Each structure stands twice: as structure tokens, then as C-alpha cells.
Amino acid sequence: VLYHNHCSLKQLYADINKKEQQCMHTLNSPPHIVHATRYDNVKYSLSIKEVYAIIHEEQEMIHDAIIDFRLYGVLNKHGLALIDKWFKYINHNYNNDETYCCNKDSIKVDLFGDVWDCLYMRVHHPTPPYSNSRCDHCNVRKYCGCACVYSVRKDIECVYYRRMITWFLKEYEKYKEEIDEIIRISKCN
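What counts and what doesn't
- Residues numbered from 1 in each chain as written.
- Predicted model: local features only at pLDDT ≥ 70, side-chain atom pairs only at ≥ 80, totals over all residues.
- Heavy atoms only, no water.
- Helix = DSSP H or I, 4+ residues; strand = E, 2+ residues; numbered from the N terminus.
- Buried < 20%, exposed > 50% of the residue type's maximum accessible area, 1.4 Å probe, protein only.
- Contact = heavy atoms within 4.5 Å.
- Areas by Shrake-Rupley, 256 points an atom, 1.4 Å probe, with all protein chains shown as cover.
- Axes fitted to C-alpha atoms, helices over the stretch in contact; angles between N-to-C directions.
- Parallel < 35°, antiparallel > 145°, perpendicular 65-115°, else oblique.
- Nonpolar A, V, L, I, M, F, W, Y, C, P; charged D, E, K, R; others polar.
- Expected span 1.5 Å × (residues − 1).
- Arc of directions from axis to C-beta.
- Phe/Tyr/Trp six-rings, centres within 6.5 Å; stacked < 30°, edge-to-face > 60°.
- Salt bridge = Lys/Arg side-chain N within 4 Å of Asp/Glu carboxyl O.

Student: I tried to follow the overall build of the protein chain on my own but got confused; where do I start?
Tutor: The secondary structure content of the protein chain amounts to seven helices and two strands. Going from N to C terminus, the protein chain has its helices and strands arranged as α-α-α-β-β-α-α-α-α. Burial status across the protein chain gives 43% buried among its 189 residues. By sequence separation, contacts in the protein chain at least 24 residues apart represent 66% of the contacts at least 6 residues apart. In the form shown here, the protein chain has an accessible surface area of approximately 11100 Å², with 54% of it arising from carbon and sulfur atoms.

Student: Explain the packing of helix α2 (residues 48-72) against helix α3 (residues 77-90) to me, please; I cannot follow it from the model alone.
Tutor: Relative orientation and spacing of two packed helices are given, respectively, by the angle between their axes and the distance between those axes. One way to put it is that α2 packs onto α3 with a least axis distance of 8 Å and a crossing angle of 105 degrees. For the element pair α2 / α3, the angle class is roughly perpendicular. Every residue of α3 that contacts α2 at Glu 58, Met 61, Ile 62, Ala 65 and Ile 66 is listed here: His 78, Gly 79, Leu 82, Ile 83, Lys 85 and Trp 86. The class makeup of the residues in the contact of α2 with α3 is seven nonpolar, two polar and two charged.

Student: Explain helix α1 (residues 9-23) to me, please; I cannot follow it from the model alone.
Tutor: Along an α-helix, residues three or four positions apart point the same way, because every turn accommodates 3.6 residues. Here α1 contains 15 residues, and its C-alpha end-to-end distance of 21 Å stays within 8% of the 21 Å for a straight helix at 1.5 Å per residue. Every buried residue belonging to α1 is among Leu 9, Leu 12, Tyr 13, Ile 16 and Glu 20, and all of these are buried. What you see down the axis of α1 is that its buried residues fit within an arc of 90 degrees, all on one side. Of the residues in α1, the exposed ones pointing more than 90 degrees away from the buried face are Lys 10, Lys 18, Gln 21 and Gln 22. Those residues of α1 that are buried lie in contact with α2 and α3. Just downstream of α1 lies Met 24, where phi reads positive at about 50 degrees.

Student: Help me understand the packing of aromatic side chains, please; the structure alone is not making it clear to me.
Tutor: Given two aromatic rings, one states the distance between the centres and the angle between the planes to describe the pair. Counted by the stated rule, this structure contains seven aromatic pairs. Between the aromatic rings of Trp 86 and Tyr 160, the centroid separation amounts to 5.6 Å while the plane-to-plane angle is 65 degrees, which identifies the pairing as edge-to-face. Here the residue Trp 86 occupies a position in helix α3, and Tyr 160 occupies one in helix α6 (residues 154-174), the gap between them amounting to 74 residues. Per residue, the accessibility class of Trp 86 equals that of Tyr 160, and both read buried. Both rings, one in Trp 167 and one in Phe 168, keep their centres 6.4 Å apart while their planes meet at 50 degrees; by these two values the pair is tilted. Three or more aromatic residues link up through ring pairs in this structure, and these residues are Trp 86, Tyr 89, Tyr 160 and Tyr 161.

Student: Is there a simple way to think about the packing of α3 against α6 in this case?
Tutor: One can describe the packing of α3 onto α6 by two numbers: an axis separation of 10 Å at closest approach and a directional angle of 95 degrees. By the criterion of interaxial angle, the relationship of α3 to α6 is roughly perpendicular. Taking contact as the criterion, the partners of Ile 83, Lys 85, Trp 86, Phe 87, Tyr 89 and Ile 90 in α3 are, on α6, Tyr 160, Tyr 161, Met 164, Ile 165, Phe 168, Leu 169 and Tyr 172. Partitioned by chemical class, the residues of the contact of α3 with α6 number twelve nonpolar, no polar and one charged.

Student: Is there a simple way to think about the pattern of salt bridges in this case?
Tutor: Where side chains of opposite charge bring their charged atoms close, a pairing between them can arise. The final tally for this structure, using the stated rule, is six salt bridges. Note that Lys 88 and Asp 84 form a salt bridge whose closest N and O atoms lie 3.0 Å from each other. Of the two residues, Lys 88 and Asp 84 are both situated in helix α3; the distance of four residues between them amounts to about one turn of the helix. The class of Lys 88 is partly exposed, set by a relative accessible area of 48%. For Asp 84, a relative accessible area of 21% puts it in the partly exposed group.

The following block contains the structure:
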């Protein structure tokens, strides 16, 4: 999880590499930004400056991974995790009454077998279905599903998701063949 003062992707992946060496197993998981769902955890949320730095790092890692694959046929596992993450986002198609956490494809089950729409907040459905006029008229809403509907720092999360989704859609247009092949190969592994 990327959070305030702990938001360098390069450091995060260095930490993951150490853990992989310890457990001798690949941890192929994309980074996740922290959601400030209560005012008392806002101190952990990312600043706008940190979000822009993460956006820059993610875009650079994704682009480098695509070019490495295009030129050398090499799959960068960390770049692959990010490509897979944003590929899934651009292939979402949320309806206006669905959110990222509460949709037709999302099932979240805790250790006790209880099904939840949000494992952080332990709620069964935003009541009423989440609506935000800013999100309802956003051109990337169908891809992000309003992100975390319980976030008290929605403005900052919106910058992250809107910029990354908009950028990745353009990157996908440019490198559709390479990204499709990367995704196809990753599903075979």
C-alpha cells in the first residue's frame, strides 16, 4: 500500500523483491493507494504532490515495460502488474448505479466467509447507491466506478484515477498489440 511518506514505487518494489527472496515466491501484485475512509486516518493519505509523483513513476514503469517487450520480448514483472491493473480498469464498464466496490463482478469474502461490498468499511452497500454529480458526469467514471466511495479525500483519489485511466487509454491505443500480447502471456503463466 502506498501511503503518506511511503510512496516511492521503486522503494516499494525493492521491498517486495526482498520479501520474494525470503519466501522464495513471486509476489506479483500492483501497488494500491491508501484510502482515507475516516478523518482520523487522513494523516496516512497521500498529498497531491505524492500522487503526481506516483502517477509519473507508474507511467514511466508501464511505458518502459511495453517498450522492453516490444524491442526485446522481455516481460518486466513489476511493469506487468501495473499493465494488468490498468488494463482491468479500462475494461470495466460500470453502470451508474455501480461502484468499484459494489458491482455485478465484485465479491469480497472475509476469513469467516461473510460477503461484503467493502472489506475496509464492512458495509453491504453504499446507501443509496453512490452518486456524486462530479463522478456522474466524468468521462472515466465507467472505468473507475467512483473509486473508493467512502474516501474523505475523494479529490486526491480522483486525480490519481482520472489521470492514470486517461493516460492508459491513450497508451493502449498506441500499443494495443503489445499490451494485448503482454496480457495474453501473463494469463498463461
